[in-house]
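# Secondary and tertiary structure notes
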Amino acid sequence: MAPPTSHRYGSDVIVDLLLEAGVEHVAFNPGASFRGLHDSLVHTPGAPELTLCMHEAVAVSIAQGYAKAAGKPMAALLHNVVGLQNASMAIYNAWCDRAPMMLLGGTGPKAKGNRRPWIDWIHTASVQANIVRDFVKWDDEPHDLAGAEESFARALAATSSAPAGPVYLCYDVDLQEDPVPDDFSRQGIGVFPVPAAPAPSPADVAWLEGRLRDARRPVILAGYVGESQESFAALVELAEALGAPVVDTGVRHAFPTTHPLAAMHMEGVIAEADVVLALDVEDIHSHLRACPPGRAPAVLNVSLAHLKLRAWAHDYQAMVPSGRHVTASGDNAVAALLERLRADPLPAAPVAARIREFADRSAQARRAWQTRAAAARADGTVPLDRVLHELGRALEGVEYALGGGTNGRLEHKFLALDRPRQYTGWAAGGGLGYGVGGSLGTALAQPPGTVTVDVQADGDLLFLPSALWSAAHRSLPVLVLVHNNRQYGNTIEHAVKIARHRGHDVSRRYVGAGLTDPPVDLAGLARSFGMWAAGPIGDAQTLSEQLAEAVKVVSSGRPALLDVLTPGF
């Protein structure tokens, strides 16, 4: 190595760009292909905070959770071709989830004369981004420092603009490690603003308003909407102006769970509707499934989903018949409708009647959910509804956010989720291993004193358990609450269905899907990574006591895990 110099290097410029972009956190598993960038992050005053991970998919999951909780991108570093391959499943999750993030990779040296034998050859690709190009919004590999600034600015604009999604930038090690030329200068990325989200045309707004005015039983189906304080409040105002219940699909946290018009998990709401205002919902058909044949409501489809269309995967879902497809963000459509309804409100009497009717129905349903959950019991296990009921009791008076969650979003029945981004949800791509990492990203975005809760399936946890080490390493205030049914539950359900269809013995459903031979000591696993942990817990009284202790631990700034045995299928 040459003696120290006062030179600045290409990787210093990349860190400058991260700082100018407002990126506060970087997650990674280390690798030589970005050693220059790593060095610059370590030695630049005020550089983004580093979160060390033991797997690239954990790093990307952290960035995904952070994006949904903070509303802005963080960065993940990915070591050449092998790190990018490890991360590819998690990147697909983030793509399906519309999560903005800056994925930065290293490669090369591209100059063959600068390569070390063997290792630099197998870790260099002709076009490294090919492996993820079908599920990122944009990728680039600037070949010199002069092009790096515009490349970064374009990536930042692409990842942050609606519909959001991950972007990938790849930097040759020589670009990172060569000194900055004496004549190099930057103009600043602030001159390249993020494009504004599409807004509905006046004709679109008039059409939407007319259909909603004529509706007898309007319902709002909320997708990618309500992520700021202003837009969260605006959706509440629109629901009240229409007297329309809101079915929050859970891809984001769009509507307060304690509001009288909150309709998630309320049976028959969509089937009874005559008009459904779908606000940037990709999977509308899942919510129309319960409608009687030939009696589906009219769908007012406001969506940006077609702007992220790719041919590689069919994540775009089935097309939805509608009188008009309005290309606009859900938030802009809500704002435009509110402007018209404030000027010319709907008749007060029918709106008030709809609100009263649904509020009574909602209150009855919520009382029934809580009553059933409080009484739920099972020998040697704790039913999942009871787990969530006890969690809600333990969090009373505590400022909290929900990082992971159940696949059915059952926590919305029992938790008061009443502020924007308080719930960040699951991995939209269906890839395993997201839960803990996503919750760590959620925790990074929270103000001090917030407890982040990860309601976590055991199979997903075991996919990438090393995320627990990152939680302990960073002392992140995360409570990992494992509903441990000791099986891959979705596989068991499919095994039962196919066995019954074929006349096979359903008692063999656990073969190849059960996790009891031997059972995993999840609490012991967590303790081995440096976390406070307890379990396995098989009764509600013990769960209540341990939840109280775990909340104290996490409130003190340390992560904790509770292993709760839940019934299998």
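Our structure is the block above this text.
Here is a short report on the structure shown in this document. (Residues numbered from 1 in each chain as written. Predicted model: local features only at pLDDT ≥ 70, side-chain atom pairs only at ≥ 80, totals over all residues. Heavy atoms only, no water.)

## Details of the sheet that holds strand S15 (residues 532-537)
Strand pairing in a sheet takes place through backbone hydrogen bonds and is either antiparallel or parallel in direction. Pairing in this open sheet of five strands is parallel, and the strands run S12-S13-S14-S16-S15 from one edge to the other. Of all the strands in the sheet, just strand S12 (400-402) and S15 have a single pairing partner and so form its edges. Strand-to-strand, the axes of this sheet are offset by a mean angle of 15 degrees, without reference to chain direction. (Pairing = 2+ DSSP bridges. Helix = DSSP H or I, 4+ residues; strand = E, 2+ residues; numbered from the N terminus. Axes fitted to C-alpha atoms, helices over the stretch in contact; angles between N-to-C directions.)

## Regarding the pattern of salt bridges
Under the counting rule described, the total for this entry stands at 29 salt bridges. Arg217 is the partner of Glu272 in a salt bridge, and the nearest nitrogen-oxygen pair spans 3.7 Å. One end of the pair, Glu272, is in helix H10 (residues 269-272); the other, Arg217, is in the loop between helix H8 (202-214) and strand S7 (218-222), with 55 residues separating them in the sequence. Among the residues examined, Glu272 registers a relative accessible area of 36% and is labelled partly exposed. Residue classification places Arg217 among the partly exposed residues on the basis of a relative accessible area of 30%. (Salt bridge = Lys/Arg side-chain N within 4 Å of Asp/Glu carboxyl O. Buried < 20%, exposed > 50% of the residue type's maximum accessible area, 1.4 Å probe, protein only.)

## Observations concerning the side chain of Asp139
With respect to the helices, strands and loops of the structure, Asp139 is situated in strand S5 (residues 138-140). Of the residues examined, Asp139 reaches a relative accessible area of 14% and is grouped as buried. Only 2.8 Å separates the side chain of Asp139 from the side chain of Arg133, close enough to count as a polar contact. Beyond its immediate stretch of four places on either side in the chain, Asp139 contacts Ala129, Arg133 and Tyr168. (Polar contact = N/O pair within 3.5 Å; in protein donor to acceptor, adjacent residues only side chain to side chain. Contact = heavy atoms within 4.5 Å.)

## A look at helix H13 (residues 348-375)
With 28 residues, H13 extends 41 Å between its outermost C-alpha atoms, agreeing within 8% with the 40 Å of an ideal straight helix rising 1.5 Å per residue. Burial in H13 covers these residues: Val351, Arg354, Phe358, Ser362, Ala365, Arg366, Trp369 and Ala373. The elements touched by buried residues of H13 are S7, helix H9 (229-242), H10 and helix H14 (384-394). (Expected span 1.5 Å × (residues − 1).)

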